[in-house]
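Residue-level listing of the chains:
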Amino acid sequence: MTTATSGRTTVTGAVGTAHTRVEGRDKVTGAARYAGEIPFAGLAHGWLVVSTVARGRILSVETAPVLDMPGVLTVLHHGNAPRLEIDYIGSLGVPPDPTAAVFQNDRVPHAGWPVALVVAETPEQAREAAEALVVTYEREPHDIALTADHPDAYPVDGHMPGVTQKGDLEAELAASAHVVDVEYTTPEEHHGMMEPHAATARWDGGRLEVVDSNQGTSWVADELARMFSLDACVVRVRSEHVGGGFGSKGIRAHQVSAVMAATALRRPVRVVLTRRQMFSLTGYRSPTTQRVRLGADPDGRLRALDHRSLSRTSTVWEFVEPSAGVARVMYDADAHRTANEVVRLDVPSPSWMRGPGEAPGSFALEAALDELAERCGVDPIELRLRNEPGLGPVSGLPFAGRNLAACFREGARRFGWADRDPRPGMRREGRWLLGTGTAAASFPAGALPSTAAVTAEADGTFTVRIAAADIGTGARTALTLVAADALRVTPDRVRVRIGDSDFGPAGIAGGSMGTRSWAWAVTAAAGELRHRLLPGGVVPPEGITVRSDTTAAIGALARKERHSFGAQFAEVAVDVTTGEVRVRRMLGIFAAGRIVNPLTARGQLVGGMIWGISMALHEEAVRDGASGGLYGPDLAGYHVATHADVPAVEADWVDDPDPDDPVGIKGIGEVGIVGAAAAVANAVWHATGVRHRSLPIRPDRVL
Ligand code: MOS
């Protein structure tokens, strides 16, 4: 083992140049297999049955008729399933969501709760039997409505502080020349990744192997080992290709129920979630109701900033959409308060969804800033520049690079901001009113401890092994470039193997930390290996392998406030007769660390911005008060931006290497969505003169 050390490695070569995906050909030819399509001999298929009531108790599961149906092998439910261990804090610092630890009791805490797994020889037989399974319930009244004044709301006190406060808010607001006091709401939103959750579990030679689609194989393996009280070395989780994750692909009901069934039947069992089941079993973004109060001097300098966000969680798991957190980083004020509150309702557990906290939080905060700019008569960019903090407003720590101003300057130049008439409703083209808007973006730039192994092969090539996850972002390719530079070889001599918990513990593809965390470990191992290889020396047939562990090294990051930043710009056209909003163009300029692969980085940032368009104009999951379930929980009922909604979207970046990272990386996974919805909403105001404070900005709301 070597210990990774921080300190910039000077490399020239692959990092920073555009590379197509190393697995691109496999993906477009179908050679790349996803979790639900990998063949296994003797494979059985499980189909989940979910509750039809929003709250209550299971009275009976009528298994007998179903067990007589063709091909049915077993029905698992709370009456016969093994007991699981769920009283632990996992590797991400949170306890498991009981939604994943299936069939442990007769309680039903929300509509769509897993109540049984029907296993059969074929997926069709399993589905038919699952649909025929009669489950009876004792119903109880349910409450699913999030209201700003819900009496059961409470400030969270978890691994992040619920409330931060300094100064006298009321006094500073009273002394302010301009005050904005507004409420914003965002709806329930869902990930909707293309590839559904899918897992195959089997016992093989005394080991449990799970082939899955997830954001971290060592994470999921660790959770399964804990739940089933197995030694960590007994569990192997593989996840080679992943068709989107966005925070949703962690430990879920499909892996756990597949393991239960594979254990009971002693044969491989696959469980694939349906699109509808994903809407209640795999997390989602809670709706939020946010109040922002800003007080400023005549020149726009903030005296008071108060951001309160209320989100919703289930009765079985506390997940908080920490939307007020973004105000802790973006702007300082003499009096400054942020509060993340939550209320437990009879709804499915929400969880991380791309830009958790920052995405809805930036909508409220950056729209409120725009309202303040209007009040003060100060240009929205100038207002933000006047309020750039020298230190972290809450942490008091210096920033490890805060190139937000550079993003705004470059963005304004390229977008043509200087020509903008600040008055709303001034540009008209036929039936379209035109407007432009801007907003700031930020997302934390952290790292998770990771291990990597790099092997010099006898044939002159190199193999990297790390339990990284490529959830469609291009992580595998990025790590190929990073390894090539650290080894001082060309990328074609490097093969990167990922998605296997047997490669050792590694951080997840989440929190915008994946590529940085893994690149750090790969750089450390590859750098050490390069020094071990003697010029002209002979590599033995088994190769020479060096391992790294970054646990100690990444601790240095905590000494500074560390974020990626960005400036979002949008131009919209609003149809005054139909209320339709069309985004005409968007530009995002980011300061997000050293960019490893400009090709995939641009795609990821543009993807985030498109998601912001979708958030601003389309996405909204609507719950039915009577049933507690969703209307249209599928991709027909849940609208996302499509090609026709996406105009010219451009993303670019300014130079912003992280001085404390061996490659200079910060993270680009989520910053692209942050602020994008606010930029669109601010542009709609500029077009029409009307503020829209509830997303999405649907035509009926515009009229
Ligand atoms: Mo991200 S929401 O941490 O996958």
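Everything quoted here is computed from the prediction, not taken from an experiment.

1. Quick word on the sheet that holds strand E5 (residues 107–108)
- Strands sit in the order E5-E3-E7 across an open sheet of 3 strands; the sheet is antiparallel. A single partner strand is all that each edge strand has here, and the edge strands are E5 and strand E7 (134–139).
- Pairing of strand E3 (residues 56–62) with E7, which is carried by 6 bridges, proceeds in the antiparallel orientation. Looking at E7, one finds that serine 60 is bridged to threonine 136.

2. Some remarks on the sheet that holds strand E18 (residues 427–429)
- One open sheet holds the 5 strands; their spatial order is E18-E19-E24-E25-E26, and the pairing between them is mixed. Of all strands in the sheet, those with a lone pairing partner are E18 and strand E26 (648–653), marking the two edges. Adjacent strand axes in the sheet meet at a mean angle of 25 degrees when their direction is disregarded.
- Relative to strand E19 (residues 432–444), E18 runs antiparallel, the two being bridged by 3 bridges. Note that in E19 the partner of glutamate 429 across the bridge is tryptophan 432.

3. Let's talk about the domain arrangement of the chain
- Partitioning the chain into structural domains gives domain 1 (2–32 + 446–556) and domain 2 (44–141 + 194–244 + 249–281).
- The distance between the C-alpha centroids of domain 1 and domain 2 comes to 33 Å.
- With 16 residues of domain 1 at the contact, the number on the domain 2 side is 17 residues.
- Split into classes, the residues belonging to the side of domain 1 that touches domain 2 amount to 8 nonpolar, 5 polar and 3 charged.

4. Brief notes about unusual backbone geometry
- Looking along the chain, the bond that leaves leucine 695 and enters proline 696 is cis, with omega of -5 degrees.
- With respect to the secondary-structure elements, proline 696 resides in the loop between helix H15 (676–688) and helix H16 (699–702).
- Phi at phenylalanine 246 is positive, roughly 60 degrees, even though this residue is not glycine.
- Position of phenylalanine 246 among the secondary structure elements: in the loop between strand E13 (235–238) and helix H6 (253–265).
- A positive phi angle is found at serine 512, which is not glycine, with a value near 55 degrees.
- Assignment of secondary structure puts serine 512 in the loop between strand E22 (494–497) and helix H13 (514–532).
- Serine 512 gets classed as buried once you count the C-beta atoms within 10 Å, which come to 26.

5. Here we look at the UniProt feature "domain: Aldehyde oxidase/xanthine dehydrogenase a/b hammerhead" (unreviewed entry) in the chain
- Within this structure's numbering, the places UniProt gives as "domain: Aldehyde oxidase/xanthine dehydrogenase a/b hammerhead" (unreviewed entry) are residues 29–141.
- Counting secondary structure, residues 29–141 comes out at 14% helix and 31% strand; the distance between its end C-alpha atoms is 51 Å.

6. Side note on the environment of arginine 428
- Tracing the chain through its elements places arginine 428 in strand E18.
- C-beta crowding within 10 Å serves as the criterion here: with 13 such atoms nearby, arginine 428 is assigned to the partly exposed category.
- When the C-alpha atoms of arginine 428 and glutamine 104 are compared, they prove to be 61 Å apart, with 324 residues separating the residues in sequence.

7. Let's talk about the confidence of the model for the chain
- Per-residue pLDDT for the chain averages 96, and the proportion of residues at 70 or more is 98%.
- Here the complex is predicted with pTM 0.96, and the ipTM for its interfaces comes to 0.97.

8. Examining the pairing of strand E15 (residues 288–296)
- Most of E15 is tucked away: 8 of the 9 residues are buried.
- Both strand E10 (residues 178–186) and E15 contribute to a ladder of 9 bridges, which runs antiparallel. Following the sheet pairing, glutamate 183 is matched in E15 by arginine 291.

9. Digging into helix H9 (residues 358–376)
- Compared with an ideal rise of 1.5 Å per residue, which puts 19 residues at 27 Å, H9 spans 25 Å between its outermost C-alpha atoms and is within 8% of the ideal.
- For H9, the tally of buried residues reaches 18 of 19 residues, placing the bulk of the element in the interior.
- Immediately downstream of H9, the backbone of glycine 377 shows phi near 70 degrees, a positive value.

Calculation criteria
Residues numbered from 1 in each chain as written. Predicted model: local features only at pLDDT ≥ 70, side-chain atom pairs only at ≥ 80, totals over all residues. Pairing = 2+ DSSP bridges. Helix = DSSP H or I, 4+ residues; strand = E, 2+ residues; numbered from the N terminus. Axes fitted to C-alpha atoms, helices over the stretch in contact; angles between N-to-C directions. Domains from an automatic or database assignment. Contact = placed C-beta atoms within 7 Å. Nonpolar A, V, L, I, M, F, W, Y, C, P; charged D, E, K, R; others polar. Buried ≥ 20, exposed ≤ 12 C-beta atoms within 10 Å, placed from the backbone. UniProt positions renumbered as here; feature names shortened; annotations may be inferred. pLDDT = per-residue confidence, 0-100. Expected span 1.5 Å × (residues − 1).

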